[in-house]
Amino acid sequence: MMLGVLLARQGVNVTVLEKHADFLRDFRGDTVHPSTLEILDQIELLSEFEKLPHNKVRHLGVHIGDRLQEVVDFRGLRPFDYLAFVPQWDFLDLLADFGQRFENFDLRMQHKAEELIIEDGKCVGIRSESPEGPVEFRARVTVACDGRYSALREQAGLKVKEFGAPMDVLWFKVPRSEDHPDETFAIVGAGHMMILLNRSDYWQAAYIVPKGADSELRKTPIGEFRRSVESVAHFLDDETGIPASWDDVKTLEVRVDRLEKWHMPGLLVIGDAAHAMSPVGGVGINLAIQDAVAAANKLGPALLRQEDVPEEVLALIQSRRILPTKIVQWFQIQAQKRVISAALSNRETPPSLPGWLRFLLRFRFVRNIPARFIGYGIRRERVDSER
Ligand SMILES: Cc1cc2nc3c(=O)[nH]c(=O)nc-3n(C[C@H](O)[C@H](O)[C@H](O)COP(=O)(O)OP(=O)(O)OC[C@H]3O[C@@H](n4cnc5c(N)ncnc54)[C@H](O)[C@@H]3O)c2cc1C
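Everything quoted here is computed from the prediction, not taken from an experiment. (Residues numbered from 1 in each chain as written. Predicted model: local features only at pLDDT ≥ 70, side-chain atom pairs only at ≥ 80, totals over all residues. Heavy atoms only, no water.)

(A) Structural context of the site of the ligand. Around the ligand sit 25 residues, and of these Glu18, Arg28, Thr31, Ala113 and Asp272 come closest. In the model, an oxygen atom of the ligand is placed 3.0 Å from a nitrogen or oxygen of the His20 side chain. At a separation of 2.9 Å, an oxygen atom of the ligand approaches a polar backbone atom of Ile285. Isolated, the ligand exposes 990 Å² of accessible area, and the fraction of that covered by the protein chains is 85%. Elements represented by at least two residues in the shell around the ligand include exactly strand 1 (14-18), strand 8 (112-119) and helix 8 (284-304). Of the residues forming the shell around the ligand, the biggest block, 4 residues, is contributed by helix 8. Taken together, the residues of the shell around the ligand break down into 9 nonpolar, 9 polar and 7 charged. (Near = heavy atom within 4 Å. Polar contact = N/O pair within 3.5 Å; in protein donor to acceptor, adjacent residues only side chain to side chain. Areas by Shrake-Rupley, 256 points an atom, 1.4 Å probe, with all protein chains shown as cover. Helix = DSSP H or I, 4+ residues; strand = E, 2+ residues; numbered from the N terminus. Nonpolar A, V, L, I, M, F, W, Y, C, P; charged D, E, K, R; others polar.)

Now the structure itself:
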(Lines give C-alpha, C1' and ligand atoms only; values in the text may rest on other atoms or scores of the structure.)
Protein backbone atom coordinates (compact mmCIF):
# COMPACT_ATOMS: atom_id res chain seq x y z
CA MET A 1 0.00 0.00 0.00
CA MET A 2 2.80 2.39 0.89
CA LEU A 3 4.64 1.68 -2.37
CA GLY A 4 1.42 2.16 -4.34
CA VAL A 5 0.76 5.49 -2.66
CA LEU A 6 4.33 6.73 -3.17
CA LEU A 7 4.33 5.81 -6.86
CA ALA A 8 0.89 7.35 -7.45
CA ARG A 9 2.10 10.50 -5.71
CA GLN A 10 4.90 10.72 -8.28
CA GLY A 11 2.40 10.41 -11.14
CA VAL A 12 2.93 6.74 -11.98
CA ASN A 13 -0.11 4.65 -12.91
CA VAL A 14 -0.35 2.04 -10.20
CA THR A 15 -2.76 -0.75 -9.29
CA VAL A 16 -2.75 -2.31 -5.83
CA LEU A 17 -4.42 -5.70 -5.45
CA GLU A 18 -5.68 -6.84 -2.03
CA LYS A 19 -7.40 -10.18 -1.67
CA HIS A 20 -9.56 -9.21 1.31
CA ALA A 21 -12.61 -6.95 1.23
CA ASP A 22 -11.24 -4.73 4.03
CA PHE A 23 -8.25 -4.42 6.34
CA LEU A 24 -10.09 -5.49 9.47
CA ARG A 25 -7.95 -8.46 10.38
CA ASP A 26 -6.68 -10.02 13.58
CA PHE A 27 -3.95 -8.29 15.43
CA ARG A 28 -0.88 -8.22 13.17
CA GLY A 29 1.19 -5.62 14.89
CA ASP A 30 0.37 -2.03 15.53
CA THR A 31 3.80 -0.55 16.04
CA VAL A 32 4.54 2.53 13.96
CA HIS A 33 8.15 3.44 14.63
CA PRO A 34 9.91 6.81 14.30
CA SER A 35 11.36 5.71 10.91
CA THR A 36 7.79 5.39 9.60
CA LEU A 37 6.66 8.61 11.31
CA GLU A 38 9.45 10.37 9.40
CA ILE A 39 8.11 8.98 6.10
CA LEU A 40 4.57 10.12 6.98
CA ASP A 41 5.96 13.56 7.73
CA GLN A 42 7.79 13.66 4.39
CA ILE A 43 4.56 12.94 2.48
CA GLU A 44 2.59 15.41 4.64
CA LEU A 45 0.40 12.74 6.17
CA LEU A 46 1.60 13.01 9.77
CA SER A 47 -1.09 15.37 11.03
CA GLU A 48 -3.82 13.09 9.66
CA PHE A 49 -2.06 10.08 11.15
CA GLU A 50 -2.07 11.80 14.53
CA LYS A 51 -5.86 12.03 14.41
CA LEU A 52 -6.11 8.22 14.41
CA PRO A 53 -6.69 6.55 17.78
CA HIS A 54 -3.19 5.85 19.05
CA ASN A 55 -0.97 5.56 22.12
CA LYS A 56 2.51 6.95 22.36
CA VAL A 57 5.01 4.71 24.11
CA ARG A 58 8.26 6.33 25.24
CA HIS A 59 9.96 3.50 27.09
CA LEU A 60 9.82 -0.28 27.27
CA GLY A 61 10.70 -2.50 30.20
CA VAL A 62 11.30 -6.14 31.12
CA HIS A 63 9.95 -7.69 34.28
CA ILE A 64 12.71 -10.09 35.19
CA GLY A 65 13.16 -11.71 38.59
CA ASP A 66 11.11 -9.48 40.88
CA ARG A 67 11.96 -6.15 39.32
CA LEU A 68 10.86 -4.10 36.35
CA GLN A 69 13.92 -3.01 34.43
CA GLU A 70 13.65 -0.27 31.82
CA VAL A 71 15.60 -1.39 28.78
CA VAL A 72 14.55 0.76 25.83
CA ASP A 73 14.10 4.50 26.14
CA PHE A 74 13.04 6.79 23.30
CA ARG A 75 13.08 9.96 25.41
CA GLY A 76 15.59 12.45 24.08
CA LEU A 77 15.63 11.01 20.55
CA ARG A 78 14.91 13.38 17.68
CA PRO A 79 12.74 14.05 15.72
CA PHE A 80 10.39 11.50 17.34
CA ASP A 81 10.78 10.27 20.90
CA TYR A 82 8.06 7.61 20.88
CA LEU A 83 6.56 4.56 19.21
CA ALA A 84 2.98 5.00 18.07
CA PHE A 85 0.61 2.08 18.60
CA VAL A 86 -2.13 2.31 15.98
CA PRO A 87 -4.55 -0.41 14.88
CA GLN A 88 -3.12 -1.66 11.60
CA TRP A 89 -6.47 -1.40 9.78
CA ASP A 90 -6.78 2.31 10.66
CA PHE A 91 -3.29 2.92 9.35
CA LEU A 92 -3.98 1.03 6.11
CA ASP A 93 -7.31 2.84 5.65
CA LEU A 94 -5.47 6.14 6.05
CA LEU A 95 -2.97 5.18 3.33
CA ALA A 96 -5.75 3.89 1.07
CA ASP A 97 -7.71 7.15 1.46
CA PHE A 98 -4.56 9.13 0.74
CA GLY A 99 -4.00 7.09 -2.43
CA GLN A 100 -7.54 7.83 -3.62
CA ARG A 101 -6.57 11.52 -3.92
CA PHE A 102 -4.51 10.60 -7.00
CA GLU A 103 -6.48 9.61 -10.05
CA ASN A 104 -3.66 7.31 -11.19
CA PHE A 105 -4.02 5.18 -8.00
CA ASP A 106 -6.24 2.17 -8.48
CA LEU A 107 -6.91 0.04 -5.39
CA ARG A 108 -8.72 -3.21 -6.14
CA MET A 109 -10.07 -4.91 -3.05
CA GLN A 110 -11.14 -8.58 -3.25
CA HIS A 111 -8.66 -9.15 -6.05
CA LYS A 112 -6.49 -12.12 -5.29
CA ALA A 113 -3.25 -12.29 -7.27
CA GLU A 114 -3.29 -15.86 -8.55
CA GLU A 115 -0.54 -16.16 -11.08
CA LEU A 116 2.37 -14.25 -12.52
CA ILE A 117 2.16 -13.76 -16.27
CA ILE A 118 5.56 -14.78 -17.57
CA GLU A 119 6.49 -14.21 -21.22
CA ASP A 120 9.98 -14.92 -22.59
CA GLY A 121 11.35 -15.27 -19.06
CA LYS A 122 9.97 -11.89 -17.99
CA CYS A 123 7.09 -11.11 -15.64
CA VAL A 124 4.64 -8.87 -17.49
CA GLY A 125 1.75 -8.83 -15.02
CA ILE A 126 -0.66 -10.80 -12.89
CA ARG A 127 -3.75 -12.93 -13.31
CA SER A 128 -6.15 -12.28 -10.48
CA GLU A 129 -9.44 -13.60 -9.21
CA SER A 130 -12.19 -11.14 -8.27
CA PRO A 131 -15.91 -11.43 -7.37
CA GLU A 132 -16.62 -10.58 -11.03
CA GLY A 133 -14.34 -13.38 -12.25
CA PRO A 134 -10.75 -13.49 -13.50
CA VAL A 135 -9.00 -10.19 -14.27
CA GLU A 136 -5.62 -9.80 -15.95
CA PHE A 137 -3.30 -6.88 -15.23
CA ARG A 138 -0.36 -6.06 -17.49
CA ALA A 139 2.41 -4.02 -15.94
CA ARG A 140 5.93 -2.89 -16.72
CA VAL A 141 6.87 -3.79 -13.16
CA THR A 142 5.04 -6.14 -10.81
CA VAL A 143 5.86 -6.00 -7.10
CA ALA A 144 5.02 -8.99 -4.91
CA CYS A 145 4.23 -7.81 -1.39
CA ASP A 146 1.93 -10.66 -0.46
CA GLY A 147 3.41 -11.22 2.98
CA ARG A 148 5.09 -14.06 4.81
CA TYR A 149 3.26 -16.86 2.97
CA SER A 150 3.93 -15.32 -0.45
CA ALA A 151 2.72 -17.60 -3.22
CA LEU A 152 4.14 -15.25 -5.86
CA ARG A 153 7.74 -15.64 -4.72
CA GLU A 154 7.31 -19.38 -4.99
CA GLN A 155 5.92 -19.11 -8.51
CA ALA A 156 8.89 -16.97 -9.47
CA GLY A 157 11.13 -19.81 -8.28
CA LEU A 158 13.11 -17.52 -5.96
CA LYS A 159 15.21 -19.41 -3.40
CA VAL A 160 14.36 -18.96 0.29
CA LYS A 161 16.79 -19.26 3.17
CA GLU A 162 14.99 -20.38 6.35
CA PHE A 163 16.44 -19.45 9.74
CA GLY A 164 13.86 -21.15 11.97
CA ALA A 165 12.44 -19.88 15.26
CA PRO A 166 12.10 -21.59 18.64
CA MET A 167 8.71 -20.12 19.44
CA ASP A 168 5.21 -19.21 18.34
CA VAL A 169 3.13 -16.41 19.79
CA LEU A 170 -0.43 -16.50 21.10
CA TRP A 171 -2.07 -13.07 20.82
CA PHE A 172 -5.17 -12.06 22.77
CA LYS A 173 -6.75 -9.12 24.58
CA VAL A 174 -7.39 -8.79 28.32
CA PRO A 175 -9.19 -5.94 30.10
CA ARG A 176 -7.01 -3.29 31.71
CA SER A 177 -8.02 -1.49 34.89
CA GLU A 178 -6.87 1.64 36.74
CA ASP A 179 -4.67 -0.24 39.21
CA HIS A 180 -2.68 -2.04 36.50
CA PRO A 181 0.85 -0.94 35.57
CA ASP A 182 1.20 1.88 33.02
CA GLU A 183 4.16 0.48 31.15
CA THR A 184 4.39 -1.60 27.99
CA PHE A 185 6.64 -4.44 29.05
CA ALA A 186 7.78 -8.05 28.82
CA ILE A 187 7.70 -10.58 31.67
CA VAL A 188 10.48 -13.16 31.60
CA GLY A 189 10.46 -15.97 34.16
CA ALA A 190 11.44 -19.62 34.58
CA GLY A 191 9.85 -21.43 31.62
CA HIS A 192 7.65 -18.59 30.45
CA MET A 193 7.62 -15.28 28.66
CA MET A 194 4.88 -12.79 27.94
CA ILE A 195 4.61 -9.32 26.43
CA LEU A 196 1.94 -6.83 27.46
CA LEU A 197 1.20 -3.82 25.30
CA ASN A 198 -0.77 -1.10 27.08
CA ARG A 199 -3.69 -0.12 24.80
CA SER A 200 -5.48 2.13 27.36
CA ASP A 201 -8.59 0.10 28.17
CA TYR A 202 -7.09 -3.30 27.32
CA TRP A 203 -3.82 -5.17 27.16
CA GLN A 204 -2.72 -6.64 23.87
CA ALA A 205 -0.99 -9.70 25.26
CA ALA A 206 1.53 -11.98 23.60
CA TYR A 207 2.10 -15.31 25.32
CA ILE A 208 5.20 -17.02 23.96
CA VAL A 209 5.10 -20.81 23.60
CA PRO A 210 7.67 -23.28 22.28
CA LYS A 211 7.33 -23.85 18.53
CA GLY A 212 4.41 -26.13 17.71
CA ALA A 213 3.12 -26.26 21.34
CA ASP A 214 0.00 -24.38 20.36
CA SER A 215 -1.99 -27.35 19.02
CA GLU A 216 -1.62 -29.36 22.27
CA LEU A 217 -2.43 -26.30 24.37
CA ARG A 218 -5.63 -25.71 22.45
CA LYS A 219 -6.91 -29.15 23.53
CA THR A 220 -6.97 -27.96 27.18
CA PRO A 221 -9.86 -25.87 28.60
CA ILE A 222 -9.42 -22.12 28.07
CA GLY A 223 -9.76 -21.61 31.85
CA GLU A 224 -6.46 -23.43 32.34
CA PHE A 225 -4.79 -21.12 29.86
CA ARG A 226 -6.23 -18.07 31.70
CA ARG A 227 -4.82 -19.41 34.96
CA SER A 228 -1.35 -19.88 33.48
CA VAL A 229 -1.54 -16.31 32.14
CA GLU A 230 -2.46 -15.07 35.62
CA SER A 231 0.42 -17.02 37.14
CA VAL A 232 2.82 -15.08 34.91
CA ALA A 233 1.15 -11.65 35.13
CA HIS A 234 -0.27 -11.70 38.66
CA PHE A 235 -2.29 -8.51 38.26
CA LEU A 236 -4.42 -10.06 35.49
CA ASP A 237 -7.57 -11.51 36.94
CA ASP A 238 -8.69 -14.93 35.75
CA GLU A 239 -12.21 -13.98 37.03
CA THR A 240 -12.73 -11.67 34.04
CA GLY A 241 -13.21 -14.81 31.96
CA ILE A 242 -11.31 -13.22 29.07
CA PRO A 243 -10.22 -14.67 26.69
CA ALA A 244 -13.51 -16.55 26.81
CA SER A 245 -12.61 -19.17 24.23
CA TRP A 246 -9.70 -20.36 22.13
CA ASP A 247 -11.28 -18.47 19.20
CA ASP A 248 -10.21 -15.27 20.95
CA VAL A 249 -6.57 -16.40 20.94
CA LYS A 250 -4.72 -16.02 17.62
CA THR A 251 -1.53 -17.87 16.86
CA LEU A 252 1.33 -16.19 15.08
CA GLU A 253 3.52 -18.87 13.59
CA VAL A 254 6.89 -17.20 13.96
CA ARG A 255 9.21 -17.60 11.02
CA VAL A 256 12.36 -15.89 9.91
CA ASP A 257 13.44 -16.31 6.31
CA ARG A 258 14.96 -14.34 3.46
CA LEU A 259 15.07 -14.63 -0.30
CA GLU A 260 18.54 -14.91 -1.78
CA LYS A 261 17.41 -12.86 -4.77
CA TRP A 262 14.47 -10.46 -4.52
CA HIS A 263 13.85 -10.07 -8.25
CA MET A 264 13.57 -11.53 -11.72
CA PRO A 265 13.01 -9.59 -14.95
CA GLY A 266 9.84 -7.50 -14.45
CA LEU A 267 9.26 -8.65 -10.84
CA LEU A 268 10.42 -7.29 -7.49
CA VAL A 269 9.64 -8.83 -4.09
CA ILE A 270 9.63 -6.67 -0.92
CA GLY A 271 8.42 -6.71 2.69
CA ASP A 272 7.70 -9.98 4.48
CA ALA A 273 7.48 -11.73 1.10
CA ALA A 274 11.20 -11.05 0.65
CA HIS A 275 12.12 -11.46 4.32
CA ALA A 276 9.65 -12.77 6.92
CA MET A 277 10.48 -11.05 10.21
CA SER A 278 10.30 -12.38 13.74
CA PRO A 279 8.06 -10.23 15.99
CA VAL A 280 11.15 -9.48 18.16
CA GLY A 281 11.48 -5.68 18.35
CA GLY A 282 8.18 -5.18 16.49
CA VAL A 283 10.01 -3.99 13.40
CA GLY A 284 8.37 -5.96 10.54
CA ILE A 285 5.92 -3.27 9.44
CA ASN A 286 8.55 -0.58 9.56
CA LEU A 287 11.12 -2.57 7.62
CA ALA A 288 8.50 -3.36 4.95
CA ILE A 289 7.77 0.38 4.69
CA GLN A 290 11.46 1.18 4.31
CA ASP A 291 11.59 -1.33 1.43
CA ALA A 292 8.60 0.44 -0.14
CA VAL A 293 10.29 3.84 0.06
CA ALA A 294 13.54 2.52 -1.44
CA ALA A 295 11.54 0.83 -4.23
CA ALA A 296 9.47 3.96 -4.97
CA ASN A 297 12.61 6.12 -5.11
CA LYS A 298 14.22 3.85 -7.71
CA LEU A 299 11.17 2.69 -9.71
CA GLY A 300 9.28 5.98 -9.96
CA PRO A 301 11.72 7.92 -12.16
CA ALA A 302 12.22 4.97 -14.56
CA LEU A 303 8.46 4.36 -14.84
CA LEU A 304 7.77 8.06 -15.42
CA ARG A 305 10.23 8.04 -18.32
CA GLN A 306 7.96 5.36 -19.82
CA GLU A 307 10.99 3.12 -20.08
CA ASP A 308 11.19 -0.57 -19.41
CA VAL A 309 12.75 -1.08 -16.00
CA PRO A 310 15.86 -3.25 -16.39
CA GLU A 311 16.48 -5.96 -13.82
CA GLU A 312 19.60 -4.06 -12.67
CA VAL A 313 17.32 -1.37 -11.18
CA LEU A 314 15.43 -4.04 -9.24
CA ALA A 315 18.77 -5.45 -8.08
CA LEU A 316 19.76 -1.98 -6.82
CA ILE A 317 16.68 -1.95 -4.57
CA GLN A 318 17.68 -5.28 -3.05
CA SER A 319 21.27 -4.18 -2.56
CA ARG A 320 20.08 -1.04 -0.78
CA ARG A 321 17.79 -2.97 1.59
CA ILE A 322 19.74 -6.19 2.14
CA LEU A 323 22.14 -4.87 4.78
CA PRO A 324 19.49 -3.47 7.18
CA THR A 325 17.44 -6.64 6.70
CA LYS A 326 20.38 -8.93 7.46
CA ILE A 327 21.43 -6.96 10.54
CA VAL A 328 17.92 -6.79 12.02
CA GLN A 329 17.30 -10.49 11.35
CA TRP A 330 20.67 -11.35 12.92
CA PHE A 331 19.68 -9.52 16.12
CA GLN A 332 16.26 -11.18 16.10
CA ILE A 333 17.81 -14.63 15.75
CA GLN A 334 20.27 -13.91 18.59
CA ALA A 335 17.42 -12.71 20.85
CA GLN A 336 15.39 -15.80 19.96
CA LYS A 337 18.30 -18.13 20.82
CA ARG A 338 19.81 -16.40 23.83
CA VAL A 339 16.80 -14.91 25.58
CA ILE A 340 13.57 -16.55 24.41
CA SER A 341 14.80 -20.11 23.95
CA ALA A 342 16.77 -19.92 27.21
CA ALA A 343 13.77 -18.57 29.15
CA LEU A 344 11.34 -21.14 27.73
CA SER A 345 13.57 -24.16 28.26
CA ASN A 346 14.72 -23.41 31.81
CA ARG A 347 11.80 -24.12 34.13
CA GLU A 348 13.99 -24.38 37.25
CA THR A 349 16.03 -21.20 37.56
CA PRO A 350 14.39 -17.82 37.05
CA PRO A 351 16.50 -15.77 34.62
CA SER A 352 18.19 -12.60 35.83
CA LEU A 353 20.05 -9.68 34.32
CA PRO A 354 23.77 -9.51 35.13
CA GLY A 355 24.66 -6.75 37.63
CA TRP A 356 26.88 -4.87 35.16
CA LEU A 357 24.01 -4.65 32.67
CA ARG A 358 21.56 -3.45 35.32
CA PHE A 359 24.11 -0.79 36.26
CA LEU A 360 24.55 0.38 32.66
CA LEU A 361 20.79 0.45 32.07
CA ARG A 362 20.48 3.08 34.80
CA PHE A 363 21.71 5.63 32.24
CA ARG A 364 19.26 6.95 29.71
CA PHE A 365 21.88 7.27 26.96
CA VAL A 366 22.48 3.51 27.27
CA ARG A 367 18.74 2.79 27.01
CA ASN A 368 18.65 5.15 24.01
CA ILE A 369 20.94 2.77 22.06
CA PRO A 370 18.38 -0.05 21.56
CA ALA A 371 15.67 2.60 21.12
CA ARG A 372 17.56 4.19 18.23
CA PHE A 373 18.20 0.78 16.65
CA ILE A 374 14.58 -0.37 16.97
CA GLY A 375 12.97 3.00 16.26
CA TYR A 376 15.08 4.44 13.48
CA GLY A 377 16.83 1.32 12.18
CA ILE A 378 19.85 1.26 9.92
CA ARG A 379 20.05 3.08 6.59
CA ARG A 380 16.95 5.22 7.00
CA GLU A 381 15.09 5.78 3.76
CA ARG A 382 13.88 9.20 2.70
CA VAL A 383 11.14 9.92 0.21
CA ASP A 384 13.24 11.72 -2.38
CA SER A 385 10.60 12.26 -5.02
CA GLU A 386 8.46 15.34 -5.60
CA ARG A 387 4.74 15.12 -5.28
C1 LIG B 1 0.28 -11.75 14.79
C2 LIG B 1 1.38 -10.85 14.24
C3 LIG B 1 1.92 -9.88 15.05
C4 LIG B 1 2.90 -9.02 14.55
N5 LIG B 1 3.36 -8.03 15.34
C6 LIG B 1 4.14 -7.07 14.80
C7 LIG B 1 4.44 -5.89 15.52
O8 LIG B 1 4.05 -5.72 16.67
N9 LIG B 1 5.18 -4.93 14.89
C10 LIG B 1 5.63 -5.08 13.62
O11 LIG B 1 6.29 -4.14 13.09
N12 LIG B 1 5.40 -6.22 12.93
C13 LIG B 1 4.63 -7.20 13.47
N14 LIG B 1 4.31 -8.30 12.74
C15 LIG B 1 4.90 -8.45 11.42
C16 LIG B 1 4.22 -7.53 10.44
O17 LIG B 1 2.83 -7.76 10.42
C18 LIG B 1 4.84 -7.77 9.06
O19 LIG B 1 6.26 -7.75 9.13
C20 LIG B 1 4.39 -6.69 8.11
O21 LIG B 1 3.00 -6.61 8.11
C22 LIG B 1 4.91 -7.00 6.71
O23 LIG B 1 4.27 -6.16 5.80
P24 LIG B 1 3.99 -6.65 4.33
O25 LIG B 1 3.26 -5.53 3.68
O26 LIG B 1 5.22 -7.17 3.73
O27 LIG B 1 3.05 -7.91 4.48
P28 LIG B 1 1.53 -8.03 5.14
O29 LIG B 1 1.37 -6.97 6.11
O30 LIG B 1 1.44 -9.45 5.50
O31 LIG B 1 0.65 -7.68 3.91
C32 LIG B 1 0.41 -8.59 2.86
C33 LIG B 1 -0.92 -8.19 2.26
O34 LIG B 1 -1.11 -8.91 1.05
C35 LIG B 1 -2.40 -9.46 1.04
N36 LIG B 1 -2.29 -10.66 0.19
C37 LIG B 1 -1.66 -11.82 0.48
N38 LIG B 1 -1.72 -12.65 -0.57
C39 LIG B 1 -2.37 -11.99 -1.56
C40 LIG B 1 -2.75 -12.31 -2.90
N41 LIG B 1 -2.44 -13.48 -3.44
N42 LIG B 1 -3.43 -11.39 -3.62
C43 LIG B 1 -3.74 -10.16 -3.09
N44 LIG B 1 -3.43 -9.81 -1.82
C45 LIG B 1 -2.75 -10.71 -1.08
C46 LIG B 1 -2.73 -9.77 2.48
O47 LIG B 1 -4.12 -9.84 2.68
C48 LIG B 1 -2.09 -8.56 3.17
O49 LIG B 1 -2.96 -7.46 3.26
C50 LIG B 1 3.37 -9.20 13.23
C51 LIG B 1 2.85 -10.19 12.42
C52 LIG B 1 1.84 -11.01 12.92
C53 LIG B 1 1.25 -12.06 11.99
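(B) Main features of unusual backbone geometry. Residue Pro79 follows Arg78 across a cis peptide bond; omega there is 0°. Summarising the element assignment, Pro79 is placed in the loop between strand 5 (67-73) and strand 6 (83-85). Positioned with a positive phi, Ser200 is a non-glycine residue whose angle comes to about 65°. Following the sequence through the fold, Ser200 ends up in the loop between strand 15 (192-199) and strand 16 (202-210).

(C) Structural view of helix 1 (residues 2-10). Helix 1 sits mainly inside the fold: 9 of its 9 residues count as buried. Gly11 lies just past helix 1 and shows a positive phi near 105°. (Buried < 20%, exposed > 50% of the residue type's maximum accessible area, 1.4 Å probe, protein only.)

(D) Quick look at the nonpolar core. Counting residues in each nonpolar core, the largest one holds 81 residues, and the members touching the most others are Met2, Leu40, Phe49, Phe105 and Leu299. The greatest single-element share of this core, amounting to 9 residues, is contributed by helix 8. Residue contributions to this core reach at least three from each of two domains, namely domain 1 (2-56 + 79-163 + 255-335) and domain 2 (167-210 + 212-252). Leave out the neighbours within four places in its chain, and Phe105 touches Met1, Gly4, Val5, Ala8, Val14, Val16, Ala96, Gly99 and Gln100. (Core = buried A, V, L, I, M, F, W, Y, C linked by side-chain atoms within 4.5 Å. Domains from an automatic or database assignment. Contact = heavy atoms within 4.5 Å.)

(E) Looking closely at empty space enclosed by the protein. Scanning the model with the defined rule gives 2 cavities of 30 Å³ or more in all. Here the largest cavity defines a volume of roughly 110 Å³. If you trace the largest cavity, you find 14 residues lining it, with Leu287, Ile374, Tyr376, Gly377 and Ile378 closest to the centre. If you list the elements that add at least two residues to the lining of the largest cavity, you get helix 8, helix 9 (311-345) and helix 11 (364-376). If one sorts the elements of the lining of the largest cavity by residue count, helix 11 sits on top with 4 residues. Across the lining of the largest cavity, the residue classes break down as 7 nonpolar, 6 polar and 1 charged. (1 Å grid on protein atoms, 1.4 Å probe; cavity = no way out; pocket = protein on both sides within 12 Å on 5 of 7 lines; lining within 4 Å. Points joined across faces, edges and corners; volume = space filled by probe spheres on them.)

(F) Examining the pairing of strand 1 more closely. Only one face of strand 1 is buried: it carries Val14, Val16 and Glu18, and the other face, with Thr15 and Leu17, is open. Sheet topology places strand 1 next to strand 7 (residues 105-109); 5 bridges connect them, and they run parallel. Bridged to Glu18 within strand 7 is Met109. (Pairing = 2+ DSSP bridges.)

(G) How the structure looks around the environment of Asn368. As for its placement among the helices and strands, Asn368 is situated in helix 11. Along the sequence, Asn368 and Gly61 sit 307 residues apart, while their C-alpha atoms lie 13 Å from each other. Discounting residues that sit within four places of it in the chain, Asn368 has contacts with Asp73, Phe74, Arg75 and Leu77. At 2.5 Å, the side chain of Asn368 forms a polar contact with the backbone oxygen of Asp73.

(H) Up close: the sheet that holds strand 11 (residues 142-144). Overall, mixed pairing links the 3 strands, which are arranged 11-20-19 in an open sheet. With partners counted over all chains shown, the strands left at the sheet margins are strand 11 and strand 19 (263-264), one partner each.

(I) Examining the packing of aromatic side chains more closely. Scanning all chains against the criterion turns up 13 aromatic pairs. Each ring, one from Phe98 and one from Phe102, has its centre 5.4 Å from the other, and the planes form 85°; the classification is edge-to-face. Residue Phe102 is classed as buried on the basis of its relative accessible area, which comes to 10%. For the ring pair Trp203 and Phe235, a centre distance of 5.7 Å and an interplane angle of 55° mean the geometry is tilted. Of this pair, Trp203 sits in strand 16 while Phe235 sits in the loop between helix 7 (222-232) and strand 17 (250-252), placing them 32 residues apart in sequence. Judged by its relative accessible area of 0%, Trp203 falls in the buried class. In textbook terms, an aromatic cluster arises when at least three aromatic residues are bridged by ring pairs, as seen for Phe172, Tyr207, Phe225 and Trp246. (Phe/Tyr/Trp six-rings, centres within 6.5 Å; stacked < 30°, edge-to-face > 60°.)

(J) Inspection of the pairing of strand 15 at higher detail. Counted residue by residue, strand 15 has 6 buried out of 8 residues, so it is predominantly covered. In textbook terms, the turn of a hairpin is the stretch between consecutive antiparallel strands, and for strand 14 (residues 184-189) and strand 15 this stretch comprises 2 residues, one of which, Gly191, has a positive phi near 80°. Bridging between strand 15 and strand 16 involves 6 bridges; their strand directions are antiparallel. Bridged to Asn198 within strand 16 is Trp203. Where strand 15 folds back on strand 16, the antiparallel hairpin that results is connected by 2 residues, among which Ser200 adopts a positive phi of roughly 65°.

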